[in-house]
Amino acid sequence: MDNSKIHSNTLGKGNAGNVNVMANTISVHGGGISSDSHSDGNAGQVKVIGQTIALSGDADISSDALFDAGALLIDRENLKGTSGNGGSVIVEAAVLTLDNAADISASTFGNGKAGNVQVTATSIKMTNDAAMITSASAEGLGDGGTLIIKAKDLELNNSFISSRTNNRAGRA
């Protein structure tokens, strides 16, 4: 996939659908595979399984609990209605590479909880600002998710793995 998306989302009280991608080789450059919540409904689970998975050029595999503010400035008090939770992200591969700001993540920007991220691979190589993240942003009150990585070989070069919260109420 080049600058393309496979995506599921919800803009209301209903839940977003799950996203499942299974192939021998999965290559994503500048695009993404995701499920998001923009309101009270929950994001779906994102599951990507392949022998070889390569992400590059800001590509992502993610599930996020977001808010849609348009051009308005908003604060925590105005986010009470955005309670949707992020979904879990599961990635399984023999060889997994992330390059040039590619990421695998689950985040919340509202009051819902971020999903969990579980990555299982024989070999993981992360280079040039690649990331694996679970996070809760300062704009909301939600908790970050759990980050689990299982690998025989893990190589990081100018990249990071992080579970964090940037707000006073949420937990990483």
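Refer to the structure presented above.
Quick summary incoming for the structure in this document. (Residues numbered from 1 in each chain as written. Predicted model: local features only at pLDDT ≥ 70, side-chain atom pairs only at ≥ 80, totals over all residues. Heavy atoms only, no water.)

Topic: the nonpolar core
Put simply, the rule reads: In this text, buried Ala, Val, Leu, Ile, Met, Phe, Trp, Tyr and Cys residues form a nonpolar core when linked through side-chain atoms within 4.5 Å. Accessibility here uses a 1.4 Å probe with only protein chains present; expressed as a share of the type maximum, an area under 20% marks a residue as buried, one over 50% as exposed, and anything in between as partly exposed. We call two residues in contact whenever any of their non-hydrogen atoms come within 4.5 Å of each other.
With 26 residues, the main nonpolar core has Ile33, Leu55, Ile61, Leu96, Leu98 and Ile104 as its most contacted residues. Contacts of Ile104, omitting those with residues within four sequence positions, involve Leu55, Ile61, Val89, Val91, Leu96, Leu98, Val117, Val119, Ala131, Met132 and Ile133.

Quick word on unusual backbone geometry
What counts here: Only DSSP runs of H or I reaching four residues or more are called helices, and only runs of E reaching two or more are called strands; each is numbered from the N terminus.
Phi at Asn100 is positive, roughly 55°, even though this residue is not glycine. Tracing the chain through its elements places Asn100 in the loop between strand S6 (89–99) and strand S7 (103–108). According to the relative accessible area criterion, Asn100 is partly exposed, its value standing at 41%. Residues other than glycine seldom take positive phi values, yet Asn158 does so here, at roughly 55°. Relative to the elements of secondary structure, Asn158 occurs in the loop between strand S10 (147–157) and strand S11 (160–165).

Thoughts on the pattern of salt bridges
As a reminder of what qualifies: Salt bridge, as used here, is a side-chain nitrogen of Lys or Arg placed within 4 Å of a carboxyl oxygen of Asp or Glu.
In the structure shown here, the tally under the stated rule is one salt bridge. As a salt-bridge pair, Asp60 and Lys5 come within 3.9 Å of each other at their nearest N and O atoms. With Asp60 in strand S5 (residues 60–65) and Lys5 in strand S1 (residues 5–10), this pair connects stretches of sequence that are 55 residues apart. Overall, the relative accessible area of 15% leaves Asp60 in the buried class. Judged by its relative accessible area of 51%, Lys5 is exposed.

Remarks on a nonpolar patch on the surface
To keep it simple, the criterion reads: Patch membership requires more than 30% relative accessible area and the absence of a salt bridge. Residues of like charge join within 9 Å; the nonpolar side chains Val, Leu, Ile, Met, Phe, Trp and Tyr join within 5 Å. A 1.4 Å probe and the Shrake-Rupley method give the accessible areas. Residues count as covered only by the protein chains that appear here.
Where nonpolar side chains cluster on the molecular surface, the patch consists of Leu154, Leu156 and Ile161 and spans about 230 Å² of accessible area. Mapped onto the elements of the fold, Leu154 is located in strand S10.

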